[in-house]
Amino acid sequence: MELGERLRERRKAAGRTIASVAVDAGLSVPYIANLENGRGNPTVAALDRLATALGTRLEVGIADEPPDASQASQASADLLSGSDRSGQVIRVLAVAQSRSRSAVRADVIRAVDGLTAVLDRPLSDADLNRLLDLLLLA
């Protein structure tokens, strides 16, 4: 999930306006709006102030994903990208859950990765459609 989407989700989940967060963080409204829209290069200090204003904490880290996990996720992402239906289901789930599409897509990719591991084989299009059906029914 991108930084701007995460900030917006946290702010909306807290029922806050950009202006109220700006006041608490000591930052400007345009600065926060730009960050939420994926523009700007915030400092760690600014992110820490935003996290505090949103009642959360900032975590900063650098890590490598294990090669197998990134390959599995890429295969799952490719499977979703090749399916028109997956985009439609992700949009429906995002609206129903008041989440960003990219956050829901990331969760669906993890579900596909998990199902791939359980089945011990790559998912077929039919498997993906069954999973999408299940997600819509849940």
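Structure first, text after, so check above.
Quick notes on the rules
- Residues numbered from 1 in each chain as written.
- Predicted model: local features only at pLDDT ≥ 70, side-chain atom pairs only at ≥ 80, totals over all residues.
- Heavy atoms only, no water.
- Core = buried A, V, L, I, M, F, W, Y, C linked by side-chain atoms within 4.5 Å.
- Buried < 20%, exposed > 50% of the residue type's maximum accessible area, 1.4 Å probe, protein only.
- Helix = DSSP H or I, 4+ residues; strand = E, 2+ residues; numbered from the N terminus.
- Contact = heavy atoms within 4.5 Å.
- Expected span 1.5 Å × (residues − 1).
- Arc of directions from axis to C-beta.

## Details of the nonpolar core
General note: in soluble globular proteins, nonpolar side chains tend to be found buried as a group. Membership of the largest hydrophobic core comes to 15 residues, with the highest contact counts inside it found for Leu79, Leu80, Ile90, Val104, Val108, Val112 and Leu128. Counting residues per element, the ones that place at least two in this core are α5 (67-81), α6 (84-97), α7 (101-119) and α8 (125-137). Apart from the residues within four sequence positions on either side, Val112 is in contact with Ser76, Leu79, Leu123, Leu128 and Leu131. Counting residues in each nonpolar core, the second largest holds 13 residues, with Ala22, Ala25, Leu27 and Ala53 among its members.

## Observations regarding α6
For α6, spanning 14 residues, the distance from its first C-alpha to its last is 20 Å, which sits close to the expected 20 Å at 1.5 Å a residue. Within the sequence span of α6, burial applies to Ser86, Val89, Ile90, Leu93 and Ala94. Buried residues of α6 fall within an arc of 135 degrees about the axis and therefore sit on the same side. Facing away from the buried side of α6 by more than 90 degrees, the exposed set consists of Asp84, Val95 and Ala96. Looking one or two residues past α6, Ser98 carries a phi angle of roughly 55 degrees, positive in sign.

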